[in-house]
Amino acid sequence: MESKTSSCIVLLALAISLFIFQMASAGDPDILTDFVMPLEAPLVDASYFTFSGLRGLVGALPPDKFKATKASMLEFPALNGQSVSYAILQYPAGSVNPVHTHPRSAELLFLMSGTLQVGFIDSTNKMFNQTLQTGDVFVFPKGLVHYQYNADANNCAWAISAFGSANAGTISVPNSVFNTSIPDNILAKSFKTDIMTIQKLKAGLA
């Protein structure tokens with residue numbers, strides 16, 4: 001009996017270890033070729049490895065609200081298997097990139113112009129925040145909740161973010177919590193407030 005119990009414990013420990021390893025190594029899978037060929041095109045040339053979707057940002061006026069223009073696998077299929085992607089981030093005066101996470105990659109942000117207040121929260125609920133100046137670089141660790149805010153009331157800020165995944169993913173915390181089918185009474189109890197307050201928050205995100 002003890003032998004069977006010990007065997008079960010060992011197997012459970014191995015299963016947990018494998019799960020933890022898979023979580024720790026989660027990200028883009030390794031490929032066994034130089035690059036991934038598109039299914040619809042047996043042959044490619046240099047055009048396949050060129051993305052021109054960011055040209056419209058050169059010399060463009062600031063947007064009315066925060067805008068992220070991505071060069072990820074969805075927009076640029078040649079990135080499939082290359083474990084890299086970009087986003088150009090534009091922050092009009094007073095705008096915010098709402099609290100969010102990237103489940104498959106860390107984010108390395110380079111502030112090209114303006115100033116930004118940035119921060120993330122680790123798994124112990126400790127806040128790490130900083131005010132960035134033009135030319136600064138800040139890293140948001142993989143999977144952690146973070147934000148960026150342009151507190152300047154007069155000037156736009158621009159940044160480039162690089163990701164260690166062709167599809168880093170973005171999960172908006174406000175949308176995930178308040179624009180889903182989670183019942184209002186569950187949200188009210190979770191946030192220790194009343195249902196009316198929850199409904200007002202939902203209406204504000206609509």
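- For the chain, the name recorded in an unreviewed UniProt entry is Germin-like protein, with Anisodus acutangulus as its organism.
- Entered under Sequence similarities (unreviewed entry) in the UniProt record, the comment concerning the chain runs "Belongs to the germin family."
- Per its UniProt entry, the chain bears the Subunit (unreviewed entry) comment "Oligomer (believed to be a pentamer but probably hexamer)."

1. Describing the overall build of the chain
Item 1. The helix and strand tally for the chain stands at 4 helices and 10 strands.
Item 2. Counting from the amino terminus, helix and strand elements in the chain follow one another as α-β-β-β-β-β-β-β-β-β-β-α-α-α.
Item 3. Evaluated residue by residue, the chain yields a buried proportion of 27% over its 206 residues.
Item 4. Summed over all atoms, the accessible surface of the chain reaches about 13300 Å², with 62% contributed by carbon and sulfur.

2. Details of the sheet that holds strand β4 (residues 107-113)
Item 1. The 5 strands lie next to each other as β1-β2-β9-β4-β7, forming an open sheet whose pairing is antiparallel. Pairing within the sheet leaves two strands with one partner each, and these edge strands are β1 (67-71) and β7 (137-140). Each strand of the sheet is rotated relative to its neighbour by a mean of 20°, with strand direction disregarded.
Item 2. Bridging between β4 and β7 involves 4 bridges; their strand directions are antiparallel. Each residue of the ladder has a partner; that of Leu109, found in β7, is Phe138.

Reading the values: rules and limits
Residues numbered from 1 in each chain as written. Predicted model: local features only at pLDDT ≥ 70, side-chain atom pairs only at ≥ 80, totals over all residues. Heavy atoms only, no water. UniProt positions renumbered as here; feature names shortened; annotations may be inferred. Helix = DSSP H or I, 4+ residues; strand = E, 2+ residues; numbered from the N terminus. Buried < 20%, exposed > 50% of the residue type's maximum accessible area, 1.4 Å probe, protein only. Areas by Shrake-Rupley, 256 points an atom, 1.4 Å probe, with all protein chains shown as cover. Pairing = 2+ DSSP bridges. Axes fitted to C-alpha atoms, helices over the stretch in contact; angles between N-to-C directions.

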